[in-house]
Amino acid sequence: MPDEIMPSAALPDPTESRTSSFVRAALGCGGTALVGVLALVIALAWGASGSTDYPRVAPEEMANRALQRSQEAYDVMGFERTIEPGVEDIGVSTENTLGSGFCYDGGLFGLEDKTVDGAYSMNHRWALDHVPASQAEPGLRRLHQYFKDNDWKITSYREGEQGKAWELFVQRDGGDERMSFTWYADREYFTGGAGVPCAYDPEWKDGDVGPAGDDERPPAFGPTRHG
């Protein structure tokens, strides 16, 4: 089955020579063109200024949100095992971990790369060993269809051939929510992950180091029991 990939848009090259030529051309077209240029600059600045307008949410709440996303995918895959918290051997053993990271501000025109004080992002990672093709392949096809039916954007989907890995990457809300899944056919190893949008930690104060939420620990992770 062909890959389904959505390429990201390329950013313009903001070099001085192009900027100078653009301004001279705009000025040469008169006041109307100048107003249009100024309106574009203001619009870009306005969009960038709202990029750090995150909600104030406690890390445990965002951790639960990431866990819920993973739970949905786990149930669609049809896995029946329960995964205890932690990981013994990354890439080999089962895994059930929470992590946090910094959020970044691109500045007025999106050209900077600095951390936002008090902001953090949470993610949940899980993995299963001994997952045969008879479970992984139909499960990933179901999961692919599930995301298509529930307003997620499929950024990449690949069905591996001749022992190659299967991959599924999805996102929504402009990439603020992301999920990824990989099945390594050669060693029957399945990984999943869910990342949720940035938020401000209500308890953050000046002088705190590291992203909030880095001490969060997940509960045992397994199938949802109905009835």
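Residues numbered from 1 in each chain as written. Predicted model: local features only at pLDDT ≥ 70, side-chain atom pairs only at ≥ 80, totals over all residues. Heavy atoms only, no water.

### So, the side chain of Glu-95
Rule in force here: To qualify as a helix, a DSSP run of H or I must reach at least 4 residues; to qualify as a strand, a run of E must reach at least 2; elements of each kind are numbered from the N terminus. Polar contacts, as used here, are pairs of N or O atoms within 3.5 Å; protein pairs need one atom able to donate a hydrogen and one able to accept it. Residues neighboring in sequence count only if both atoms are side-chain atoms. Any pair of residues with heavy atoms lying within 4.5 Å of one another is described as a contacting pair.
Mapped onto the fold, Glu-95 is located in strand 2 (residues 95–105). Of note is the side chain of Glu-95, whose polar atom sits 2.9 Å from the side chain of Thr-97. When sequence neighbours within four positions are dropped, the list of residues in contact with Glu-95 reads Ile-83, Gly-86, Val-87, Arg-125, Trp-126 and Ala-127.

### Digging into the pattern of salt bridges
In plain terms, the rule: Basic side-chain nitrogens of Lys or Arg form a salt bridge, by our definition, when they fall within 4 Å of a carboxyl oxygen of Asp or Glu. Only protein chains enter the accessibility calculation, which uses a 1.4 Å probe. A residue is then buried if its area is under 20% of the maximum for its type, exposed if over 50%, and partly exposed in between.
Enumeration over the complete set of coordinates arrives at 9 salt bridges. Notably, a salt bridge pairs Arg-65 with Glu-177, separated by 3.1 Å at the nearest N-O pair. Linking Arg-65 in helix 3 (residues 59–77) with Glu-177 in strand 6 (residues 177–184), this pair joins segments that are 112 residues apart in sequence. Accessibility expressed as a relative area gives 28% for Arg-65, which makes it partly exposed. Overall, the relative accessible area of 2% leaves Glu-177 in the buried class. The salt bridge partner of Arg-69 is Glu-72, with a shortest N-O separation of 3.3 Å. With Arg-69 and Glu-72 both in helix 3, this residue pair falls 3 residues apart, about one helical turn. Exposure remark for Glu-72: the relative accessible area of 30% places this residue in the partly exposed category.

### Things to note about the state of the cysteines
What counts is decided by this rule: We call a pair of cysteine sulfur atoms a disulfide whenever their separation is within 2.5 Å.
Across all of its chains, the model carries 1 disulfide by this definition. Bridging Cys-103 to Cys-198, the disulfide has an S-S length of 2.1 Å. Where Cys-103 bonds to Cys-198 through sulfur, the torsion about that S-S bond is close to -110°, and the disulfide is left-handed. Here Cys-198 lies in the loop between strand 7 (189–195) and strand 8 (199–200) and Cys-103 lies in strand 2, a separation of 95 residues in the sequence. Residue Cys-103 shares its accessibility class with Cys-198, and that shared class is buried.

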